[in-house]
Amino acid sequence: MSAPATTRRELALHGGAPVRSTPLPYGRQSIDEEDVQAVIGVLRSDFLTTGPQVDAFECDVAGYTGAEHAVAVNSGTAALHTALASLKPGPGDEVIVPAITFAASANAALYVGATPVIVDVDPHSLLIDPEAVKGALTERTKAVVAVDYAGQPADVDALREVLKGHGAALVADACHSLGASLRGRSVGTLADLTCLSFHPVKAMTTGEGGMVLTDDATRAEAMRRFRNHGIDRDAAARQRAASHYYEMVELGWNYRLTDLQCALGRSQLVKLDRWIARRREIAQQYDEAFATLPEVRPLTMHADRSSAWHLYVIRLEPARLSADRDEVFRALRAENIGVNVHYMPVHLHPWYRDNLGTRPGQCPEAEGAWERMLTLPLFPEMTDEDAADVVAAVKKVIGAFRL
Ligand SMILES: *Cc1c(COP(=O)(O)O)cnc(C)c1O
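Here's a quick rundown of the structure.

The rules behind the values
- Residues numbered from 1 in each chain as written.
- Predicted model: local features only at pLDDT ≥ 70, side-chain atom pairs only at ≥ 80, totals over all residues.
- Heavy atoms only, no water.
- Helix = DSSP H or I, 4+ residues; strand = E, 2+ residues; numbered from the N terminus.
- Rg over C-alpha atoms; globule rule 2.2 N^0.38 Å.
- Buried < 20%, exposed > 50% of the residue type's maximum accessible area, 1.4 Å probe, protein only.
- Areas by Shrake-Rupley, 256 points an atom, 1.4 Å probe, with all protein chains shown as cover.
- Lys, Arg positive; Asp, Glu negative; His and termini not counted.
- Charge placed at Lys NZ, Arg CZ, Asp CG, Glu CD.
- Salt bridge = Lys/Arg side-chain N within 4 Å of Asp/Glu carboxyl O.
- Phe/Tyr/Trp six-rings, centres within 6.5 Å; stacked < 30°, edge-to-face > 60°.
- Lys NZ or Arg CZ within 6 Å of the ring centre and 35° of its normal.

Describing the overall build of the protein chain
From N to C terminus, the protein chain includes 14 helices and 13 strands. Here the C-alpha radius of gyration of the protein chain, 22 Å, is about what a compact globule of 403 residues would show, namely 22 Å. Oriented by its inertia axes, the alpha-carbon framework of the protein chain measures out at about 75 × 50 × 40 Å. Within the protein chain, the proportion of its 403 residues that are buried is 53%. When the accessible area of the protein chain is evaluated, it comes to approximately 16,900 Å², of which 52% is carbon and sulfur surface. Averaged over its 41 positive side-chain charges, the protein chain has a centre that lies 2 Å from the centre of its 52 negative ones.

As structure tokens, then:
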């Protein structure tokens, strides 16, 4: 059954009653009393930062994902910067990044003096297109950043095939996909370096925070220095050695994650699988509702992987609608549904156009998807009724704009 016809006057955008009386955000953190107590416990302890919680959180995430080493940093962006810096790129080196991602995925290449090379995505999943990577590969390619868009892992096996015989590293931007898997292997064990974010809108949070996962011990050590000014031993190691002496051996940053945040992260991690399962349930509720709505197309989910369901993204069918994405967006916001758009293709940002000479037309699949995409609310504490409101609002708005 398709959505019932609605008149435009019934839309909240045009003065009608909204589907919901209160706004539903597109994402939201879950914090319970255990989380609060975990942070309070650290406040009363000796270490507010770089104490026992950091190692413990790193161990927990390494254990959860199966990665050998985990290096906590203070944002997902810092994780990307730290990961790429560990590859020691030189000027003129290139980092391949898909067009559909948060700008930080590409900005990190700029932080290390490399050039981001923006490539197109697969039109069905909006994941990096291995064929596009093949076309962009040069002698200067230092890394490929595979973004696990919306929570579904990129096909690292196909990417490895493309990179065979080439020295480029595979970096997973897994800011959307902690807890997901590809062909039975967990995110965190798929790429050479895996970057996580613990921003409140992500699967679990430390307020701000991030982590790099790797199986390479030497690289992990270098990344621990990098997050601490490039200093060879941290305060705890000096304490243990009863020594004041340290050396700064390379240029690093202060990217340290605090004990307060790590305690919160540990308390959150034990709930992650339950939250992902709840996200999946809501996504299924959406899938069922939209299966009969030809104006709306969810992303293609591949059968060989599980998603962490960070985002539920739909594409509108412009030929079937009298309104464009932005008008549908405004109409849904007026219905109190917190829709969003992820993301404007990186190469369309003014900074990229002005400084790297990128231009529209460069990544047609990404640009076409961007003009039609909407992100619907999806977070673990949403109720079935909240999800039903989203479906009702989408049907109402689509019904009003159907050609
Ligand atoms: C959130 C996000 C980042 C950046 O993470 P922060 O913790 O906000 O710095 C990078 N890449 C992607 C794909 C993200 O979603």
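Re the pattern of salt bridges
Applying the stated criterion across every chain yields a total of 26 salt bridges. For Asp386, the salt bridge is made with Arg20, and the minimal N-O distance between the two is 2.8 Å. Remark: Arg20 occurs in the segment before helix H1 (33-43) and Asp386 occurs in helix H14 (residues 384-401); sequence separation between them is 366 residues. The class for Asp386 is buried, based on a relative accessible area of 15%. What makes Arg20 buried here is its relative accessible area of 10%. Its salt-bridge partner being Asp157, residue Arg185 comes within 2.6 Å of it at the nearest N-O pair. Note that Arg185 is positioned in strand E7 (residues 185-186) and Asp157 in helix H6 (residues 156-163), a separation of 28 residues in sequence. Three or more residues joined by partner-sharing salt bridges are found here, namely Asp155, Asp157, Arg183, Arg185, Asp304 and Arg305.

Comments concerning the packing of aromatic side chains
Evaluation of the coordinates by the stated rule reveals eleven aromatic pairs. Consider the rings of Phe102 and Tyr343, whose centres lie 6.2 Å apart with planes at 40°: the pair is tilted. Here Phe102 is found in the loop between strand E2 (94-98) and helix H4 (104-111), whereas its partner Tyr343 is found in the loop between helix H11 (325-334) and helix H12 (350-356), with 241 residues between them in sequence. Ring plane angle 20° and centroid distance 5.9 Å describe the contact between Tyr286 and Phe290, whose orientation is recorded as stacked. In this pair, Tyr286 and Phe290 are both assigned in helix H10 (residues 272-290), four residues apart and thus about one turn of the helix distant. We classify Tyr286 as buried; its relative accessible area is 0%. Ring-pair connections join several aromatic residues into one group, and the members of that group are Tyr286, Phe290, Trp309 and Tyr312. The lysine or arginine in question, Arg325, covers the ring of Trp370, its NZ or CZ lying 5.4 Å from the ring centre.

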